[in-house]
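Below, each chain spelled out in residue letters.
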Amino acid sequence: MRVFKFGGASVSNVERIKQVAEILKQEVNDELLIVISAMGKTTNALEKVAENFYSGKKEDALQLFNQVKQQHLTISKYLLVKEWLSCEQLLNNFFTEIEWLLHDKPVREYDYYYDQIVCVGEMLSTAIISAYLNESGISNKWIDVRDIIRTDDNFRDANIDWPFTNQQVQQLLLPLYQKSKIVITQGFVGATDENESTTLGREGSDYTAAVFANIMGAGSLTIWKDVEGVMNADPKQFPEAQLIPELNYVEVIEMAYYGAQVIHPKTIKPLQNKGIPLYVKSFLDPSLPGTVIHEGVVKKLPPIIVIKENQVMIQLSSKDFSFVGEKPVGILYHIFEELALKPTITQNGAISFTCSMDDRPEKIQQLAHQASEIFDVTVEKGLKLLTIRHYEPRLLEKLTENHKIVLQQQTPETVQVLMR
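Only a predicted model underlies this, so the values are computations on that prediction, with no experimental measurement involved.

Each value, and the rule that gives it
- Along each chain, the written sequence defines residue order, and numbers are assigned to residues from 1.
- Owing to the predicted nature of the model, reporting of local features is limited to residues with pLDDT of at least 70; listing and counting of side-chain atom pairs is limited to 80 or more, with chain, interface and lining totals taken over all residues.
- Side-chain figures throughout are based on the complete set of non-hydrogen atoms in the structure, without hydrogens or water.
- Secondary structure counts use DSSP, requiring at least four H or I residues in a row for a helix and at least two E residues in a row for a strand, with both numbered from the N terminus.
- Radius of gyration here uses only the C-alpha atoms, and the compact-globule reference equals 2.2 Å multiplied by the residue count raised to the power 0.38.
- Each residue is assigned to one of three classes by its accessible area relative to the maximum for its type, calculated with a 1.4 Å probe on protein chains only: buried under 20%, partly exposed between the two thresholds, exposed over 50%.
- When DSSP finds two or more bridges between two strands, those strands count as paired.
- Here a polar contact is recorded for every N or O atom pair within 3.5 Å, except that within protein the pair must consist of a potential hydrogen donor and a potential acceptor, and residues adjacent in sequence are included only if both atoms are side-chain atoms.
- Contacts are assigned to residue pairs that have any heavy atoms within 4.5 Å of one another.

Draft legend 1. Structural context of the overall build of the chain. Counting secondary structure elements, the chain contains 13 helices and 16 strands. Here the C-alpha atoms of the chain give a radius of gyration of 23 Å, agreeing with the 22 Å that 2.2 N^0.38 yields for 420 residues. By principal-axis analysis of the C-alpha atoms, the chain measures approximately 70 × 55 × 40 Å. Burial statistics for the chain: of 420 residues in total, 53% are counted as buried.

Written as structure tokens, this is what we have:
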């Protein structure tokens, strides 16, 4: 048993979906669980649908969703003949699910509606790809991951109920392999015990794949991407970025913690717990070796560069010049937990506490409001966080020139710089 995960870029158009089929034709003798993301920029498009709906712009939301519908119907028409009618029926069920919601008025928090709307991207992509593979002679079974992965109701960053999910894998998922060697499901998505859709955090499809690999005792997990493997920087930002052929779990956890987009932060732990190797390979050229991630020791790594845009710096100062001790900081971290906010960098002073985090406007506003009861609060937006592991002083100087540094932290291994 192996697990494959195909990201949005690898299923973004007709040609790339056909390439997925070519990869799978080489794997017909093995049992595979295939986890697939939403196509291309679908998640971004659905986020705009959710934003317009929540802002009361129902017609705009419906119009934007119609564009998503037409895109998927067009792709399915290019790919399907025999499987077209059954696939269209399944797609229409998902379209209706969202359109009913969009005709209502929002009465709950934004994150709830975000999850109900955005999760449909994975449903649409997997329905089309499953039908195309069956039509291409690659027999497979499709299953709705919301019937398998049970979560709490922490919308947009839901936590998995492992015992119940394990039970569902045994009862619903594994029996499918008696009928087919390939099962297709969705990444990123789960459901509460009240059948409300949830998502596992941005880029959560990698995590989904790792959860299944852990529960099913997979021999390996392979993540197929549009790069040749794990790079030491984002090649879109740094054309000179180089491949890292081998990494260990600890290094990847560090990279993920600092915001590297190649592997989701929660992905490694389920693999590490069972010693399951992770391969990151290029779907554009499957013959390339890619990157392998394992438990062993890896030496002589190049500088690893991570840049996070859209950061907010929050400066909290004592109202009466008393020390910012354990109690006020403890209250602050309780607010972080309550709002599901995770600082990307923190720094303590005698009478101040400074942190940065991703800009989620509604939650940042709530944080500032609640924190203002015990602190004087200043918020600065539009910042950039640079992290370099295994850094070199000359590289740090080059990447920070023409920027104003507002916060810096440094260890022998890692430097982080928040800058304008």
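Draft legend 2. Here's a closer look at the sheet that holds strand β3 (residues 141-142). Strand order in this open sheet of eight strands is β3-β4-β2-β1-β7-β9-β10-β8, and the pairing throughout is mixed. Bordering the open sheet on either side are β3 and β8 (246-248), each of which pairs with just one other strand. Pairing of β3 with strand β4 (residues 182-186) involves two bridges; the strand directions are parallel. Considered in β4, the bridge of Trp 142 is made with Ile 184.

Draft legend 3. Here's a closer look at the side chain of Ser 125. Tracing the backbone shows Ser 125 in helix α6 (residues 120-135). By relative accessible area, Ser 125 is classed as buried at 0%. Within the structure, the side chain of Ser 125 is placed 2.7 Å from the backbone oxygen of Ser 37, a separation counted as a polar contact. Once residues within four sequence positions are removed from consideration, Ser 125 is found in contact with Ile 36, Ser 37, Ala 38, Met 39 and His 72.

Draft legend 4. Structural context of the pairing of strand β12 (residues 345-348). As paired strands, β12 and strand β13 (residues 352-358) are joined by four bridges and run antiparallel to one another. What sits directly across from Gln 347, in β13, is Thr 354. Linking two consecutive strands that pair antiparallel, namely β12 and β13, is a turn of three residues.

Draft legend 5. Region of interest: helix α5 (residues 110-118). Of all nine residues that make up α5, nine are buried, and the element is covered over most of its length. If you check which residues of α5 are buried, you get Tyr 110, Asp 111, Tyr 112, Tyr 113, Tyr 114, Asp 115, Gln 116, Ile 117 and Val 118. Packed against the buried residues of α5 are α2 (42-54), α4 (84-102), α6, β6 (197-199) and α12 (361-371).

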